[in-house]
Every structure is written in structure tokens, then in C-alpha cells.
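Single-letter residue listing:
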Amino acid sequence: MKREIRKNYFNKIADNSVSIFIGGDEILENADAVHNFAVNHHFFYLTGINKPKSALVLIKKDGEEKEILFIERNTELLAKWQGARMSVEEAHEVSAIDKKDIKFYDEFEDVLNGLSKGKSGAKYEDLSDYYFTLDNDDEFRQRDLIERLQLKNPQINIKNSFSTVTKLRMVKTESEVKLIRKAITITEEGLNNLMKNAPTATTENELEAYYDFTMKKNDVKVSFHTIAASGANATVLHYHDNNAKLNKEDLILFDLGVRYKEYCSDISRTFPLNGEFIGKKRELYSIVLEANKEAIKMVKTGITMEEINNVVKEILSAGMIKLGYIKEASEISKYYFHGVGHHLGLDVHDVSKRGEKLEVGNIVTIEPGLYIPESNIGIRIEDDILVTKDGYENLSISIIKEIDDIESFMRS
Ligand code: GLY
Ligand code: MN
Ligand code: MN
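On a predicted model such as this, the values are computed, not experimentally measured, just so you know.

### A few points about the coordination of the manganese ion (ligand 3)
Reasoning step 1: Those donors, Asp266 (OD), His342 (NE2), Glu367 (OE) and Glu382 (OE), are the protein atoms that reach the manganese ion (ligand 3), and they lie 2.1 to 2.2 Å from it.
Reasoning step 2: The site at the manganese ion (ligand 3) holds 6 donor atoms, and with the angles between them running 51 to 157°, its shape is irregular.
Reasoning step 3: Distance-wise, the manganese ion (ligand 2) is placed 3.2 Å from the manganese ion (ligand 3), both being coordinated by Asp266. With Asp266 in the loop between β13 (263–264) and β14 (267–272) and His342 in the loop between α11 (305–322) and β15 (363–366), this pair connects stretches of sequence that are 76 residues apart.
Reasoning step 4: Judged by relative accessible area, which is 3%, Asp266 ranks as buried.

### What about the nonpolar core?
Reasoning step 1: If you look at the biggest cluster of nonpolar residues, it comprises 94 residues, and the most contacted ones within it are Leu207, Phe271 and Leu370.
Reasoning step 2: Apart from the residues within four sequence positions on either side, Leu207 is in contact with Leu194, Asn197, Ala198, Ala201, Leu246, Ile252, Phe254, Phe271 and Leu273.
Reasoning step 3: Counting 14 residues, the second-largest nonpolar core is a separate cluster that includes Ile20, Phe70, Leu115 and Leu149.

### A word on the site of ligand 1
Reasoning step 1: All residues in the neighbourhood of ligand 1 are listed as Phe224, Asp255, Asp266, His342, His349, Glu367 and Glu382.
Reasoning step 2: Protein contact buries 87% of the 190 Å² of open area that ligand 1 shows by itself.
Reasoning step 3: Most atoms of ligand 1, that is more than half of them, are within 2 Å of grid points of the second largest pocket.

### A closer look at the environment of Leu149
Reasoning step 1: Residue placement: Leu149 occurs in helix α6 (residues 140–152).
Reasoning step 2: We classify Leu149 as buried; its relative accessible area is 2%.
Reasoning step 3: Between the C-alpha atom of Leu149 and that of Glu109, which follows or precedes it by 40 residues, the distance is 8.9 Å.

### Let's talk about the packing of helix α8 (residues 174–196) against helix α9 (residues 204–217)
Reasoning step 1: Packing of α8 against α9 brings their axes to within 8 Å, and their N-to-C directions diverge by 145°. As α8 packs across α9, the resulting crossing turns out to be right-handed. Seen from α8, the contacting residues are Ile186, Thr187, Glu189, Gly190, Leu191, Asn193 and Leu194; seen from α9, they are Leu207, Tyr210, Tyr211, Phe213, Thr214, Met215 and Lys217.
Reasoning step 2: Of the residues belonging to the contact of α8 with α9, the class tally is 8 nonpolar, 4 polar and 2 charged.

Cut-offs and rules
Residues numbered from 1 in each chain as written. Chains lettered and ligands numbered in written order. Predicted model: local features only at pLDDT ≥ 70, side-chain atom pairs only at ≥ 80, totals over all residues. Heavy atoms only, no water. Donors = N, O, S within 2.8 Å, 3.2 Å for Na, K, Ca; no water. Tetrahedral: all angles 85-135°; square planar, octahedral: opposite > 155°, others 65-115°. Helix = DSSP H or I, 4+ residues; strand = E, 2+ residues; numbered from the N terminus. Buried < 20%, exposed > 50% of the residue type's maximum accessible area, 1.4 Å probe, protein only. Core = buried A, V, L, I, M, F, W, Y, C linked by side-chain atoms within 4.5 Å. Contact = heavy atoms within 4.5 Å. Near = heavy atom within 4 Å. Areas by Shrake-Rupley, 256 points an atom, 1.4 Å probe, with all protein chains shown as cover. 1 Å grid on protein atoms, 1.4 Å probe; cavity = no way out; pocket = protein on both sides within 12 Å on 5 of 7 lines; lining within 4 Å. Sits in = over half its atoms within 2 Å of the grid points. Axes fitted to C-alpha atoms, helices over the stretch in contact; angles between N-to-C directions. Left-handed = near helix turned anticlockwise from the far one by under 90°. Nonpolar A, V, L, I, M, F, W, Y, C, P; charged D, E, K, R; others polar.

Written out as C-alpha cells, the structure is:
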């Protein structure tokens, strides 16, 4: 699979070029501790390697393609303190890069310099076409590297390859879809576990802990800070204090996900802590649910997220006018103030081209909501949708969201 992905990348880039992707490094938290390692996802996408101090160099020269992978060199000291590093054999298994083309990260810059130096002598006529494409230049380390490379090799023309890989990442392969399905299945298990325990929980974090238990049990991590927001807390979009005392009369909004083999799910569900949708909460929930379902039905190739969002706004505003919260459709921005969704993949907010029409293989979230502080109510219903050749498939269809289903689940 990774070999095919790299082949797709090679097909998109110009001849006589060297592309560099760096996996990243661990970031120090304090003297003797590091933050959880987060691999650069363009690098991971092309290699499947999820280890610090690794890099990929792709060379396209006179139509020939060469791949060099760099991994961290194992030492006795590292093995004793942190565990053995990945072996060449393992790196080959994961990346499908030939063992003879796997080197060590401490050789990386020398190899790069060698690649450009070789050119400046004999075949200078190539030099104007000889360029380095570079991954996301937000990474300061990479910028450092670029500057050093450029200084040593003023003849090279450095370009950014970020959008080339982004375009590839937007269209998911079958194996990628499978991993996202699995992430969603675990999310569902966690959500069911916490909903089951809603009657006895006294705080948001206590309820969230039932989700975390499911994560640990499945040996996965959350794909972003879980939002466990009851009552008015749910009107704060990125609330994640998750420590308020629960009032059984309130709704609670959970926005959560799983990272499974690096691939993410992103689901929101809102339900009544006492198990029954009553009065205004029932009416408002029904409006968001209608917007969610109508928006999902619109997903197909050729449509844009903006077009879907416009319909969501129409549905939400019609509902809110009926309930007397607003008088005109334009006022809906007071209660719904984010977009309808985003691409999903290796990142929760996955790389994408804003405004682009959807195409087969895209996975997007559909997540309309209403946020009404004066009524202590925030509602969002979010599903993960695959664009197919016939329209769409709702990958999270089995996670309950109908009023009757939620009420009867909570009764049982
Ligand atoms: N969980 C963040 C979002 O729904 O976009
Ligand atoms: Mn979400
Ligand atoms: Mn989302």
C-alpha cells in the first residue's frame, strides 16, 4: 500500500527532483520527560513509520525513482533506557522500502549534501531543473534544514510539496477507510459505555472516564481532547474542562474520537442525562437532527461543503424562527457559528483544499449544531461520511441518534 502511495506521489512531481519528508522529533516536556510523539502525517502517509528521528528522501532522476528511508540508529544505551529502536528489517516490513535503501538518521544530512554536490560538478546543465521539494514548512527544524541546504547549494530551487501530498491524502484508499471504520467502531463502544453509566455519574469527567476505559481496553488513544459538556458548557465549542457537576435535567454533549493506527474518528452525540428528551430540548434536538440527516443526504461527488452548509443554515433557521428564538434567517449565526464539517483522516481536521468539490474517497464530517446559552442548551450531532461513486456511506450509521433509540437505550 505504501509503495503505491509513493508511486502516486512520484507521478505528480517533476523529473530531476529530490523530495524530503521528516518524521519529526520528540518534544521535551521537562528535564527527563517528553510529550507524546506526534509523527508528521505526510511522512507517515508515505512510509507508515511512526517513530521519531526518521526521514524519507524520494529522488526522481531521468524518469528513475529512488527511495531512501532514514531511521534512528539503535544503541545499547537507548535500548536500556527506552527500548530498542526499530530494526532495518522492521522498517522494511512497514514501509516496503528496500533494505539496502534504509540508512540511519545520523547520515541524513550527509546524504542530502552528497546528492546535491554530485550535481554541481559534471552535469551542471541539470542544475536549473534540479529542485528540492519540501514538506510542511511550518516545522522549524525543516526550515533550518532548508536554509542550510540552500546556502550550501545556491543552484537548487526549493519548492513546497505540502499541497501535492495533501491532494493525495484527501482521497482515501480502501485500507485507510477500513482503519477509520475501526476507529468509529471503538468510538461507538465507548459512547455506549458512557451512556449506560449516565444515571449514576455525578460529574462530566466521571462520565468521560467510561469512554477512557474503552480506549485503554482497546489499546488506543483519543484523537483529540474529548468534549464532555453538560448544560451551558455545551455552548462553548472547544470546552474541555470536563469537570462540572451534572444536573440531571440537562443535556450533555460528547464530541469525541479515537486514533486507531493513526487514523481518526470524530463523533458528536447529545443526550439527556435523565434519559428523556422533554419540551424545548426535544424540539431543539429534532431541528439539529433534521439538519444532520438532510446534510448527510446531500453528500456526493461534485458538491462543496459550503453548499451543504447553506442548506444546514436554512433548516436550522427555519426551526429557530418557528420556536421564536429568531425572527429572520440571517440571525441564525447567533446560535450556529461554525462550518458544517471538515475532512477526516490522519488528522481530525484533515488536510484539504478549502472550497474544493467532494470526490470519491473523501471522508468528511457532518456536524450541525445549535448553541443557546440563555437556555443552557448546546446540541451537536456529528457523523463521519465517505463519498462513494453512488453518493455517500454514513460510516457512523450504527451510532444511535434518533430520539426514540436514545430514550429506549437509556431506559434499558
Ligand atoms: N472534534 C472537533 C470537531 O468536531 O471538529
Ligand atoms: Mn467532533
Ligand atoms: Mn468534527
